[in-house]
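Working through the structure, step by step
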Amino acid sequence: MRGSAKKKVTGGKLISIRVEFNGSIDKIEIMGDFFLHPEESISYIEESILNTRTDEPEDALAQRISNVAESKKIEMIGVTPEAIASTVKMAIRNGMESNRA
Amino acid sequence: MEWRVIELESHDAYLNMGIDEALLEGIRDGTSPPTIRFYTWKPSAVSIGRFQSMNDEVNTERCKSLEIDCVRRITGGGAVYHDQKGEITYSVIAPEKMFPEGIRESYREICGWVINGLATIGIDAEFAPINDILVKGKKISGNAQTRRNGVLLQHGTILYDLDIRTMFGVLNISREKISDKMIKSVEERVTRVLNYSNVTQEGLYSALLSGFVRGKDYKIGRLTETEEKRANELSESVYKSKEWNFSR
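**Topic: the overall build of chain A**
Looking only at helices and strands, chain A has 3 helices and 5 strands in total. Its helices and strands in sequence order give chain A the pattern β-β-β-β-α-α-β-α, from N to C terminus. The C-alpha atoms of chain A give a radius of gyration of 13 Å, which matches the 13 Å a tight globule of 101 residues would have. Along the three orthogonal principal directions, the C-alpha set of chain A runs to about 40 × 25 × 20 Å.

Below, the structure is given as structure tokens:
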């Protein structure tokens, strides 16, 4: 299944997620007008979400992103681990709904 | 430390981005001085942020028919339409240690140079974190920064004139972004120098230059042959490539 979602982070930037999933997340793209330093570290964030179960609770997913941001010394500006996690969840829900329709 | 200032010049989008990255490398290697450059985009162009999707943000077919270049920047942030006659872009490339450690604080410092420049032509602008400059609550300048290998690069645009029709035609404006700010259109949240001053584009450049060099040791200079060669290489191998521009 495929799903996508967009969210404007309060006081921050726009985040856009595309996922492919089948019980767990097989593919993810995080896009938007936020800032991430160093920029190449977006791949670490994406990797931390890959292969997670689609029913993983949102706060656990946010914690996973937060952990990788800390260990890789990633600075996020205009976006937060919580915002990424909640947009990923929204993209999964959107994908499931369009699959049911 | 003495700054090199490269006066207003025009290049295509790919070379403009190639020059910025060549200077990042040059400063990293200790072969380039801290540099402030001013430029316009010839032909007009759209640049997108490092993490944006070209196809989501830009009407690339429309750009092609209007001969507008499309390029992905090395920096984050949003999509920008760079009208050749409608704006001036600057880049500041220098060792990180010349600036506050925090990225947010260094945005404030460099945006302050833009604000000082606008003040010399009677425009009262203010910094709006994270990376915008506003006049009477409307955006007149967007800015984006990256840091790598101990070097800071910040580039930004100052809107002089605004071809809203073309801008609307080439950018796919996201509904989410507009609705969040409780506004109906881009027109209501963006402004331009010509709304507040009858200065020419050249006059705006002089104003910005004075704001940027205030209190600094500087000399007017140009790219070295080595920098120019590397900028052309990056332009051809990275910034013109589909792999880079359509990577998201």
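**Considerations on the interface of chain B and chain A**
Residue-level contacts link 28 residues of chain B with 23 residues of chain A. Of all residues in chain B, B:Phe51, B:Ile103 and B:Arg248 give up the largest surface area on contact with chain A, accounting jointly for 31% of the area buried on that side. Scanning the region where chain B abuts chain A turns up 5 salt bridges. Taking the shortest distance from any N to any O, the salt bridge between A:Glu40 and B:Arg148 comes out at 3.3 Å. At the boundary of chain B and chain A, one finds 10 residue pairs in polar contact (both at pLDDT 80 or more).

**Here we look at the packing of aromatic side chains**
Residues and elements named next belong to chain B. For the structure on display, the rule yields 11 aromatic pairs over all chains. Each ring, one from Phe-38 and one from Tyr-205, has its centre 5.2 Å from the other, and the planes form 70 degrees; the classification is edge-to-face. With Phe-38 in strand β2 (residues 35–41) and Tyr-205 in helix α7 (residues 201–213), this residue pair connects regions lying 167 residues apart in the sequence. Exposure class is identical for Phe-38 and Tyr-205. Each is buried.

**Some remarks on unusual backbone geometry**
That bond from A:His37 to A:Pro38 is cis: its omega, -10 degrees, falls within 30 degrees of zero. Counting through the fold element by element, A:Pro38 comes out in the loop between β4 (35–37) and α1 (42–49). Each neighbour pair has its own omega, and for B:Pro129 with B:Ile130 the value is 15 degrees, a cis peptide bond. Positioned with a positive phi, B:Glu67 is a non-glycine residue whose angle comes to about 55 degrees.

**Some words on helix α1 (residues 13–28) of chain B**
Two residues of an α-helix separated by three or four positions point the same way, owing to the 3.6 residues in each turn. Residue and element names in this part refer to chain B. In this model α1 runs 23 Å from its N-terminal to its C-terminal C-alpha over 16 residues, within 8% of the 22 Å that 1.5 Å per residue would give. Counting buried positions over the 16 residues of α1 gives 15, a clear majority of the element. By the N-cap criterion, in which a side-chain oxygen at the helix start approaches the backbone nitrogen of a residue two or three places on, α1 is capped by Asp-12, the distance to Tyr-14 being 3.1 Å. A positive backbone phi angle near 75 degrees is found at Gly-30, which sits one or two residues after α1.

**Details of the packing of α1(B) against helix α8 (residues 225–239) of chain B**
Residues and elements named next belong to chain B. Interaxial distance between α1 and α8 falls to 7 Å at its minimum, and their mutual angle equals 125 degrees. Regarding the angle of α1 to α8, the classification is oblique. Between α1 and α8 lies a crossing whose hand is right-handed. Mapping the contact onto sequence places Tyr-14, Leu-15, Met-17, Gly-18, Ile-19, Glu-21, Ala-22, Leu-23 and Glu-25 in α1 and Glu-227, Arg-230, Ala-231, Asn-232, Leu-234, Ser-235 and Tyr-239 in α8. The residue makeup of the contact of α1 with α8, split by class, is 9 nonpolar, 3 polar and 4 charged.

**Thoughts on the side chain of B:Arg4**
Residues and elements named next belong to chain B. One can find Arg-4 in strand β1 (residues 3–11). Accessibility expressed as a relative area gives 7% for Arg-4, which makes it buried. Looking at Arg-4, its side chain comes within polar contact range of the main-chain oxygen of Arg-222, at 3.0 Å.

How each quantity is defined
Residues numbered from 1 in each chain as written. Chains lettered and ligands numbered in written order. Predicted model: local features only at pLDDT ≥ 70, side-chain atom pairs only at ≥ 80, totals over all residues. Heavy atoms only, no water. Helix = DSSP H or I, 4+ residues; strand = E, 2+ residues; numbered from the N terminus. Rg over C-alpha atoms; globule rule 2.2 N^0.38 Å. Contact = heavy atoms within 4.5 Å. Buried area = accessible area lost by both parts, 1.4 Å probe. Salt bridge = Lys/Arg side-chain N within 4 Å of Asp/Glu carboxyl O. Polar contact = N/O pair within 3.5 Å; in protein donor to acceptor, adjacent residues only side chain to side chain. Phe/Tyr/Trp six-rings, centres within 6.5 Å; stacked < 30°, edge-to-face > 60°. Buried < 20%, exposed > 50% of the residue type's maximum accessible area, 1.4 Å probe, protein only. Expected span 1.5 Å × (residues − 1). Axes fitted to C-alpha atoms, helices over the stretch in contact; angles between N-to-C directions. Parallel < 35°, antiparallel > 145°, perpendicular 65-115°, else oblique. Left-handed = near helix turned anticlockwise from the far one by under 90°. Nonpolar A, V, L, I, M, F, W, Y, C, P; charged D, E, K, R; others polar.

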